[in-house]
Every structure is written in C-alpha cells, then in structure tokens.
Amino acid sequence: MKKKLLSMALATGLIGTLLTPATAFAALDDYNIVTNAETNKVIFDTDMGYFGDDTYALFILLQADAAGWIDLAGITSVGGNVTVAEGTTAILNQLEAVGRKDVPVYVGTDIPFMGLHDDATIAANGLKRIKSMQKVLDYGNTISYDNLGDLEDETWGYSSLKPEEKPAWEFMVEEVNAHPGEVTIMAVGACTNVAMAIMSDPTFAEKTAGIYYMGGAIDVPGNDTPCAERNWYYDPESVDICLRANFPKQVIVPHDISYNQKLTKDLVEHIVETGDTVYNNLIEEHAYPKFAEDPERKQSLWDAQVPGIFLCPDLISKTDVRDVAMVTDMGYAYGESVAWPEGTGPEGSTTCTIVYDVDGEAYWNFVADLYSIDFSAAE
C-alpha cells in the first residue's frame with residue numbers, strides 16, 4: 001500500500017508533502033498535551049488481544065511515554081475479553097514487536113470477586129456467560145502466558161519476554177505508595193485487579209491521581225445483556241468497590257462511545273500512510289488486511305479513546321458529569337451501570353465525569369501523527 005502511495009505522489013508531484021521527521025514533530029505542536037512524565041505515571045490495566053482497541057490504546061501510551069508525556073510505569077493483565085494467560089501473552093508479544101522490552105508486565109486475575117456463576121444462576125436471572133468466562137472454566141490453571149495450548153495464536157506464538165513475578169494488584173499498590181498523587185490507573189478491562197489493590201490497601205485509591213475506566217453503558221443498551229456492558233459485567237462487584245473508593249478523579253469512557261467511533265478502511269489507510277514507524281508497519285501488516293478484504297468493515301472502538309482524552313482533553317466533543325452506581329444484586333439488571341444527573345444520585349452513587357464522544361477527525365489525526373514519529377531517532 002505504501003509503494004502505491006509513493007508512486008501516486010511521484011506521479012502527481014506531491015512528494016514534497018510527505019512528512020519528514022521535522023514536520024512530523026511539528027504536527028504534534030497542534031495538540032494541547034496536558035501531561036508530562038515527571039508527574040504523570042500510568043498503569044495500563046487491560047484485557048489485551050491483537051489489534052482490537054486495546055492494541056491502539058497500548059500504542060498511544062507507548063508513544064506518549066517515548067515523547068516524555070507520561071511515564072508508563074507498567075502494564076497489567078486482567079479478565080474481560082480474554083483470559084489473563086492470553087492477555088499477558090498478547091501484551092508481551094506486542095511489546096517485543098515494537099521494541100519496548102523496558103516496560104514491565106504484571107499478571108492479574110480473570111476470576112471475578114464473586115467467582116464465575118453456575119449455569120443455574122445464569123439461567124434463573126436471564127444472564128449470559130461470555131466466551132472468555134467459559135474459557136476460564138474450561139482451561140482453569142492449565143494454561144499460562146507461555147503455554148496456551150490450543151488457545152495459542154499461531155500468527156504470534158510466544159514472546160521471549162516474561163512478566164514480573166509479583167501479581168498485578170501488588171505492583172499497583174507499591175507503585176502508588178512510591179509515587180503518591182502521580183499514578184493514574186487506566187482500567188480498560190474488568191476492574192478486578194484495581195478492586196484487589198483497594199481491598200489490600202485502604203489508602204490506595206486516595207493516593208492515586210485518579211482512574212480512567214472504559215466500562216459501563218450510560219445512555220445506550222449493554223452489549224452483553226440488555227443492561228450490561230462487557231467489561232463491567234465481567235465483575236460488577238469489583239466495579240462497585242472502585243466506584244465507592246476515594247479516587248481523586250473518576251472518568252468513564254462508556255460503551256456509548258462505540259456508537260460514534262468506528263475504525264474504517266479510510267482511517268486505517270490514513271494511519272498507515274502517515275509514517276513508516278514500527279507502529280505504522282504493524283498496523284499495515286496485521287490490521288489493514290481485514291479492511292482490504294471487506295472495505296465496508298467498521299470496527300467498534302472503546303479503549304482506544306481513553307489514553308487520548310487523558311493526554312489531550314481538547315479532543316473531547318461530548319461530556320458531562322453524572323452520579324453513577326453499579327447494580328450488584330442478582331437479577332435481570334445485574335451488572336448494569338446506572339447514572340443520574342449530577343447531585344441527584346442516591347447514597348452509594350459516585351460523581352464521575354463521563355466522556356461520550358471525541359472529535360473523530362481531530363482524534364485520529366492525533367493518533368496518526370503520534371504513531372508516525374520515531375522518537376528514538378531524535379535521541
């Protein structure tokens with residue numbers, strides 16, 4: 001595809017418009033980045049797969065770290081769309097692919113606080129056992145990040161990298177206590193790891209800089225049940241613990257954003273054609289073929305917006321403040337996130353900032369510009 005772009009540019013005399021390193025750096029000056037690595041550490045808590053929205057979020061954070069906008073303190077695996085064994089493997093493989101062996105990885109848990117509900121409970125309450133939960137039941141402790149059995153992704157195999165020995169929640173607590181007021185948690189899977197950190201250290205939440213979630217469905221139906229969104233449905237009790245904790249800031253990017261933000265063939269081509277970094281090339285190799293095969297493909301996005309709005313809040317186009325609570329009573333509404341206008345929620349609800357949408361054109365221009373820069377070349 002890049003050869004095609006280059007030949008078109010030569011034929012039309014547009015070669016001078018292709019970005020040089022200097023113009024690529026200058027392009028980032030257009031964005032109002034509000035963070036810096038000295039005072040903004042990030043722990044990325046993710047149910048990672050390959051070139052879903054978690055990957056795009058990871059790439060944004062890695063480039064933000066390279067740019068000096070944040071200190072990516074570590075990545076933790078958690079349940080949600082995948083088992084922690086699969087997720088840990090995917091994190092390690094993609095870190096190795098982009099040459100970021102320096103970022104530590106910690107294994108979390110995919111067992112919800114109340115365990116995995118049995119068939120009778122699910123049937124009686126109109127619930128759903130999602131695919132990743134079934135895999136946890138089927139495989140249990142027989143799989144690990146370096147031995148996935150028949151869950152191994154044949155394209156990626158296994159990384160030469162290894163995760164750290166301490167569990168995810170222990171790392172979270174240690175990092176936050178070592179750097180009070182500086183660590184932001186980005187929880188884009190289930191909230192089990194974060195809840196375990198809260199339960200192990202009652203001062204954990206208040207010592208963070210805040211938490212950004214991808215979870216919940218505020219003004220739209222759920223995507224696992226009519227009420228519940230995937231990440232928060234996976235472990236509603238852990239979300240309830242987090243919402244009730246004393247975080248200085250709680251920001252939610254809910255399922256609602258996926259109605260507005262879709263990855264399309266044109267967007268992927270724009271990202272790929274903007275630069276020639278490892279990020280551009282991996283997206284061309286692993287993401288673009290699906291769009292080339294199906295030009296009408298639209299990939300819903302959730303997690304990919306979380307890092308961008310943290311770095312550059314100006315990209316937000318629709319937001320408000322609501323009082324939010326989690327339904328943890330067993331029944332049809334189990335796992336629902338309920339929101340009231342600010343100041344009208346009941347006791348037990350928490351005031352949160354909700355981000356429903358971003359300026360799509362500006363956001364993906366920002367992502368394309370960020371992916372296109374080889375920060376190591378400037379060192």
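Each value, and the rule that gives it
For every chain, the first residue of the written sequence is number 1, and numbering continues from 1 along that sequence. Given that this is a predicted model, residues contribute local features only at a pLDDT of at least 70 and side-chain atom pairs are listed and counted only at 80 or more, while totals for whole chains, interfaces and linings are drawn from all residues. By convention in this description, side-chain values take in all heavy atoms of the structure and omit both hydrogens and water. Aromatic contacts are taken between Phe, Tyr and Trp rings whose centres are within 6.5 Å, Trp giving its six-membered ring; a plane angle under 30 degrees counts as stacked, one over 60 as edge-to-face, and the others as tilted. By definition, any uninterrupted DSSP run of H or I lasting at least four residues is a helix, any uninterrupted run of E lasting at least two residues is a strand, and each is numbered from the N terminus. Working definition: with a 1.4 Å probe on protein chains only, accessible area under 20% of the residue-type maximum means buried, over 50% means exposed, and in between means partly exposed. Whether a charge sits over a ring comes down to the Lys NZ or Arg CZ being within 6 Å of the ring centre and within 35 degrees of the ring normal. We score Asp and Glu as negative and Lys and Arg as positive, and we do not count His or the chain ends. When a carboxyl oxygen of Asp or Glu is within 4 Å of a side-chain nitrogen of Lys or Arg, the pair counts as a salt bridge. Distance and chemistry together define a polar contact, namely a pair of N or O atoms within 3.5 Å, with one atom able to donate a hydrogen and the other to accept it when in protein, and with adjacent residues in sequence counting only for side-chain atoms on both sides. By the convention used here, residues are in contact when the closest approach between their heavy atoms is within 4.5 Å.

*Asks:* Explain the packing of aromatic side chains to me, please; I cannot follow it from the model alone.
*Replies:* Two descriptors summarise a pair of aromatic rings, namely the distance from one centre to the other and the angle between the planes of the rings. Counted according to the given criterion, the structure contains 15 aromatic pairs. Look at Tyr213 and Trp232: their rings are 5.4 Å apart centre to centre, the planes differ by 85°, and that puts the pair in the edge-to-face class. Of this pair, Tyr213 sits in strand S5 (residues 210–214) while Trp232 is found in helix H10 (residues 230–234), placing the two residues 19 residues apart along the sequence. Overall, Trp232 belongs to the buried group, its relative accessible area being 0%. Three or more aromatic residues link up through ring pairs in this structure, and these residues are Tyr50, Phe51, Tyr56, Phe59, Trp156, Tyr279 and Tyr371. The ring of Phe291 is capped by Arg297, whose NZ or CZ atom sits 5.0 Å from the centre of that ring. For the cation-ring pair, Lys318 lies above Tyr356, with the distance from its terminal atom to the ring centre recorded as 5.4 Å.

*Asks:* How do you make sense of the side chain of Asp110 when you look at a structure like this?
*Replies:* Along the chain, Asp110 turns up in the loop between strand S3 (105–106) and helix H5 (119–124). Buried and without a salt bridge, Asp110 has Lys135 as its closest oppositely charged side chain, separated by 9.2 Å. For Asp110, the side chain forms a polar contact with the main-chain nitrogen of Val84, separated by 2.9 Å. Beyond its immediate chain neighbours, meaning those up to four positions away, Asp110 contacts Gly79, Thr83, Val84, Val136 and Tyr234.

*Asks:* Mind showing me how you'd approach the side chain of Ser372 here?
*Replies:* Residue placement: Ser372 occurs in the segment after helix H16 (360–371). Here the side chain of Ser372 touches Asp369 through a polar contact of 2.7 Å, landing on its backbone oxygen.

*Asks:* Can you walk me through unusual backbone geometry in this structure?
*Replies:* What you tend to see is this: most non-glycine residues have negative phi, and most peptide bonds are trans. Even without being glycine, Phe51 reaches a positive phi, approximately 60°. When you line up the elements, Phe51 lands in the loop between strand S1 (41–46) and helix H3 (53–67).

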